[in-house]
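# Remarks on the overall topology
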Amino acid sequence: MVKRLELRFKSGEGKTKVIGVDQPIENLAPLVAQAAMEEIINQDMFEVEGIKPFVEIKDARYVTRTVENIIEEV
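To start, this report covers the structure provided alongside it. Just so it is clear, the structure is predicted and the values come from calculations on it, not from any experiment. (Residues numbered from 1 in each chain as written. Predicted model: local features only at pLDDT ≥ 70, side-chain atom pairs only at ≥ 80, totals over all residues. Heavy atoms only, no water.)

### Structural notes on the sheet that holds strand E3 (residues 56-65)
A sheet is described by the order of its strands in space; here 3 strands give the open sequence E2-E1-E3, paired in antiparallel fashion. At either end of the open sheet lies a strand with only one pairing partner, and these are strand E2 (16-22) and E3. On average, each strand axis in the sheet is inclined to that of its neighbour by 20°, with strand direction left out of account. Sheet topology places strand E1 (residues 2-10) next to E2; 7 bridges connect them, and they run antiparallel. Of the residues in E2, the one forming a bridge with Glu6 is Gly20. Across the sheet, helix H1 (residues 30-43) is in contact with E1, E2 and E3; its angle to E3 comes to roughly 125°. (Pairing = 2+ DSSP bridges. Helix = DSSP H or I, 4+ residues; strand = E, 2+ residues; numbered from the N terminus. Axes fitted to C-alpha atoms, helices over the stretch in contact; angles between N-to-C directions. Contact = heavy atoms within 4.5 Å.)

### Describing H1
In a regular helix each residue adds 1.5 Å, so 14 residues correspond to 20 Å; H1 covers 20 Å between its end C-alpha atoms and thus fits that length. Residues of H1 that are buried sit in contact with E1, E2 and E3. Of the residues one or two after H1, Asp44 is the one with positive phi, at around 50°. (Expected span 1.5 Å × (residues − 1).)

### Section: the pattern of salt bridges
The full count for this structure, using the stated rule, is 7 salt bridges. When the shortest N-O distance is used, the salt bridge between Lys3 and Glu26 registers 3.0 Å. You can see Lys3 sitting in strand E1 and its partner Glu26 sitting in the loop between E2 and H1, a full 23 residues away along the chain. (Salt bridge = Lys/Arg side-chain N within 4 Å of Asp/Glu carboxyl O.)

### Some thoughts on the packing of aromatic side chains
According to the stated counting rule, one finds 2 aromatic pairs in the structure shown. Considering the side-chain rings of Phe46 and Phe54, the 5.4 Å spacing of their centres and the 90° angle between planes classify their relative orientation as edge-to-face. The partly exposed category is assigned to Phe46, whose relative accessible area is 36%. Judged by relative accessible area, Phe54 falls into the buried class, the value being 14%. When the ring centre of Tyr62 is taken as origin, the NZ or CZ atom of Lys3, which lies over that ring, is 4.7 Å away. (Phe/Tyr/Trp six-rings, centres within 6.5 Å; stacked < 30°, edge-to-face > 60°. Buried < 20%, exposed > 50% of the residue type's maximum accessible area, 1.4 Å probe, protein only. Lys NZ or Arg CZ within 6 Å of the ring centre and 35° of its normal.)

By themselves, these are just geometric observations and shouldn't be taken as functional.
Below you can see the structure in the form of structure tokens.
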């Protein structure tokens, strides 16, 4: 099972933008995630084609995925 932390933001054009973190800390406190996301927004260091991708916190979540190989690498 693979776990990933997704920090989801609203962009300047209202779309959802995601920063994904592989192998995150387990049971991250909501206030810690919120503070980190606010810092990303406050630093205002990202812009893509004139649009800011991280302007508002949408949510943060753990996403768990199970991978089951049916053919192993040979």
